[in-house]
Every structure is written in structure tokens, then in C-alpha cells.
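Summary of structural features
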Amino acid sequence: MRPVGIIGIGKTPFGAFPERDIRSLAVDSGKKALADAGIEAGQVEAFYLGNFAGPSFVGQSHLAPYIAGPMGITGVPCTRVEAACASSGSAFFHAYSAVAAGLYDVALVTGVEKMTSQQTPRVAEILAMAGECSTEGRAGATFPALFGLIARRHMHQYGTKKEHLAAVAVKNHANGAMNPDAHMKKVITLEQAMAGKPIADPLNVYDCSLVSDGAASVVIAPLDGVRKRAVRVLGIAQTSDHVALDRKEDITVFNAVKSAAAKAYKMAGVGPDEIQLAEVHDCFTIAEIIAIEDLGFVLKGQGGPYTAEGCTGLKGSRPVNTSGGLKSKGHPVGATGVAQLCDVALQIRGEAGARQVAKHEIGLAQNLGGSGASAVVTILAAA
Amino acid sequence: MTGTVYTETLIHSAPEAFVSEAPYQLIIVTLDNGTRVTGRVSGEPVSIDDAVFLAEERNGVPFFRKRQ
């Protein structure tokens, strides 16, 4: 396998954009990434699209060539990858594999989701299809409910408190308020975060990520020594677990995150202590707490207190979700994995503006699908 | 069929087909034989470690009730 890097990044703002369709969002981000890389559309040898539920949200299938064509990309393999909320992390993993193996020299990876054209109960129904429909879905589970089940058990086993969950929301809102592309640029207090409208106990509205529209793209290519601002992929892995929560022995652990992290650390030749910043999948506040535990940043069960002490804040010892995370930046499901990579790359390039952290040579992105059945962990470093 | 509550949540914001039932409690039960099932609750709300029994099945969904 040859060394591969992200040589261009491009994102649309995340938010509710009634006037924008799925294709225009995706095309915008792709063109930005190509311009950032200094690459022409005709040089792209493969296009990978991460998208969870375009057919359900907007009534269009065959999305990869549908989006690639107007970007000026035809005559090459165009493939849509679906892995629930890890769709574009997975698309990136597959694009990386092909480029590292020497199959292509330039690949474009785009993640996109257009969610806000549907009403909330229908959005909940579409998202619930990423769970086990025959049991969880049939019983009336929503995604907040699955993570409510996880949060309750984590509280029971480790003494995690509502205040710990709220501390994740407060931190990510503070970061997102400084991100010009974030969906919700609003600072909140611990009291506000504790008193949100209940969604699925113990989770309230401030524990939940946002329903957003948006797209993100990256260009990847071999690192041949002439790329300006390239960010190297040091390690990457995708792994899986059961879809149904009731098939797991301990729902307070994301086994797929643990196994993907172990493989990515081994490939990168680094351990969790060497990771200076991370974008983790905070689809719900409890998911960030579990992610930092399963990535090895903190001992199992200590993710809540670690967050409440400020360790994961912008000025903490290990900043997590400097972009505002899914919580505040927004969570257009299929765009999230690639958006995380863009945000880590931005920090490594030293271009994160007010959110720039002091140590930014090596960072990690962790993308989760469903209630933990898919996970992608990517470690990036200055080239 | 009996077991204990492994975890629970009270759903306030329901998917389209369940809006009229909200709020309702969703649980995972560890049955006495060790297997886990996802279900709902009939009667009074339950907490983790409560003993429950299978009270009924509706549309293939098991509904559990607290054992007194």
C-alpha cells in the first residue's frame, strides 16, 4: 500500500436550506474540494458518494452518477455507499483502499444528505430504518430512544449523570458558535442544556444532534511529495457489530469503534495518547462520552467526568469536536463522515481560525453508523 | 415468560406511525434464559433491574408488566 493523502477539502454550510436540492449541495462541495486541490474534474478517476437515505428523503435513486455528472465527472466508476450515519466515512474508507492499492490516482469522495424537506415524525421514521426494523422499529423505537436506552444503562453502570451529558452539549455549542458553517451558532448554559424538552429519557432536545441539509467532499491522491497542504492518512479502519441493541452483551460499549480504533492505531503506529484532537460522532451527547472511552482517550466509564472537567474543550488537554460536532455544526447524516475529515484536516492545516488548537500535527475522526453497527476510524497527520 | 429490565427509555417524540401512543416506554429485557428482547411496557413504568413478565403481544411486539 502506498502513502495516500487528502489533497483538497470542500464543504457547504450545514443548516435548513429549503431552496437547495440534494444535487446542488453535493456539487457545490465537490467543486470546492477540487478547486482546493487544484484538480480538474476530468482528472478524477473514481467518485464515491456517501448517502444514507436520499431515495426516502428526496425520492431520487442512482445518486452517484446523478451527482457526478453535473460536476463534470463521467466515464468513471461512480458508487454510492450506505452505512447509515457512517455512509461517507465508509465511502472514504473504500476510496482510500482503491487509491492506496494503486487502482486510481485521484478519487473524489462526497457525502450528502437533504433532510429538512420532511416533517420531524417522517424524519424519525426514515432514521429508524438504520435500526433493526423487525424488532426495534416495530416496537416504536426512534434513534433518540436507542441512545436513551444506551444512556440509561451507562448511567446505571458507571454513575454517569445528566450534568455530564449536558457538559457535552455546552462544549459543542460553544465550539459551533465560532464555526461560520455551523447549523446552530448558539452558546447554551448548563442550566439550559439540562432543561430541554424531553425526547427519549434521559435525553432531551439538547442531547440530540440536528436534522440538517449539507454536503462535504475530499479529494484523495497518493502523496508524491509535491502536494501543498496535503494531509496524510496515517491509519484507517472500518468494522461492524450487530444492528440490534438486544444482540449486544454490553450496550455501553461500541465494539465496532473499539475494533476499528485498534486497527487504525496499529496501522498508524500511534496510540490514543498521541492523538492531539478528534472529531467524534456525537449524534447524541452519550455517544461522545462512549466514543472517547472506546477510542482509549479515557478509562471506561470516565467519559462524563472527563468532559465535565473541561479536558475535551478547545483549551483542554485533548480537544474533541472543535467544529461543534454533530450537535451544533449539524448532522446531515450522509455528509457527516467526510465533514469530520474536512474538520480534522482544517485543524492540521492550521486553518481553523478562532477554533484553531495549539497542537495540531495528528488528529482522529470517528464516524458511527446506527446505534453502533458500523464504525470508521481515521487518523490523519501533517504530510 | 419472565425476566429483568436491562434498560429503559420513555419516548416522548415518536415516529409517524406511533405519534398517537406517545409517551410510551421502550425496554430491553434480559429473560431468565439469558436472551434479550426489545419490547414495550403495559401498566406502571419500570426501572432497570425490575422483575417483569410477558403480559401480551401486540403486532408481534412483546409487552411486559412489572411483577409485584
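These lines cover the structure that appears in this document, whether it is placed above or below. The model shown is predicted, which means the values in this text are computed figures rather than measured ones.

Conventions adopted
- Residues numbered from 1 in each chain as written.
- Chains lettered and ligands numbered in written order.
- Predicted model: local features only at pLDDT ≥ 70, side-chain atom pairs only at ≥ 80, totals over all residues.
- Heavy atoms only, no water.
- Axes fitted to C-alpha atoms, helices over the stretch in contact; angles between N-to-C directions.
- Helix = DSSP H or I, 4+ residues; strand = E, 2+ residues; numbered from the N terminus.
- Parallel < 35°, antiparallel > 145°, perpendicular 65-115°, else oblique.
- Left-handed = near helix turned anticlockwise from the far one by under 90°.
- Contact = heavy atoms within 4.5 Å.
- Nonpolar A, V, L, I, M, F, W, Y, C, P; charged D, E, K, R; others polar.
- Buried < 20%, exposed > 50% of the residue type's maximum accessible area, 1.4 Å probe, protein only.
- Buried area = accessible area lost by both parts, 1.4 Å probe.
- Salt bridge = Lys/Arg side-chain N within 4 Å of Asp/Glu carboxyl O.
- Polar contact = N/O pair within 3.5 Å; in protein donor to acceptor, adjacent residues only side chain to side chain.
- Phe/Tyr/Trp six-rings, centres within 6.5 Å; stacked < 30°, edge-to-face > 60°.
- Pairing = 2+ DSSP bridges.

**Points about the packing of helix α7 (residues 143-158) of chain A against helix α11 (residues 285-294) of chain A**
All names here are of chain A. Direction vectors running N to C along α7 and α11 enclose 60 degrees, while the axes themselves pass 10 Å from each other. Relative to α11, the element α7 is oriented oblique. α11 is crossed by α7, and the crossing has left-handed handedness. Taken together, the residues of α11 that come into contact with α7 (itself represented by F147, I150, A151 and H154) are I286, A287, I289, I290 and E293. Taken together, the residues that form the contact of α7 with α11 break down as seven nonpolar, one polar and one charged.

**Topic: helix α5 (residues 120-128) of chain A**
Two residues of an α-helix separated by three or four positions point the same way, owing to the 3.6 residues in each turn. Turning to α5 of chain A, its buried residues are V123, A124, I126, L127 and A128 of chain A. Looking at the buried positions of α5 of chain A, the neighbouring elements they touch are α2 (54-58), α6 (133-137) and α7 of chain A.

**Observations concerning the interface of chain A and chain B**
Contacts between the two partners involve 28 residues from chain A, matched on the other side by 27 residues from chain B. It is A139, L149 and D246 of chain A in chain A that bury the most area against chain B; as a group they hold 24% of the surface buried on that side. Between the two partners, chain A and chain B, sit one salt bridge. Between chain A and chain B we count 16 residue pairs in polar contact (both at pLDDT 80 or more) in total.

**Here we look at the packing of aromatic side chains**
All names here are of chain A. Inspection of every chain in the model, using the stated rule, returns four aromatic pairs over all chains. An angle of 65 degrees between the planes, with centres 6.3 Å apart, marks the rings of F147 and F254 as edge-to-face. Taken together, the residues span a long stretch of sequence, with F147 in helix α7 and F254 in the loop between β8 (231-240) and α10 (255-268) at a distance of 107 residues. Residues F147 and F254 agree in their burial class; the two are buried.

**Remarks on the pattern of salt bridges**
Going through the model one piece at a time under the given rule, you end up with 20 salt bridges over all chains. One salt bridge in this structure joins R2 of chain A and D105 of chain A, with 2.9 Å as the shortest N-O distance. With R2 of chain A in the segment before β1 (4-11) and D105 of chain A in the loop between α4 (87-100) and β4 (107-114), this residue pair connects regions lying 103 residues apart in the sequence. When its relative accessible area of 27% is taken as the criterion, R2 of chain A is described as partly exposed. Notably, a salt bridge pairs K66 of chain B with D50 of chain B, separated by 3.6 Å at the nearest N-O pair.

**A word on the pairing of strand β10 (residues 362-369) of chain A**
Residue and element names in this part refer to chain A. Counting buried positions along β10 gives eight out of eight residues, so the element sits mostly inside the fold. In β10, alternate side chains face the same way, and those of I362, L364, Q366 and L368 on one face and G363, A365, N367 and G369 on the other are all buried. Sheet topology places strand β9 (residues 277-279) next to β10; three bridges connect them, and they run parallel. Within the sheet, the bridge partner assigned to E279 lies in β10 and is A365. Bridging between β10 and strand β11 (residues 374-382) involves eight bridges; their strand directions are antiparallel. Residue pairing across strands places I362 opposite A381, the latter belonging to β11.

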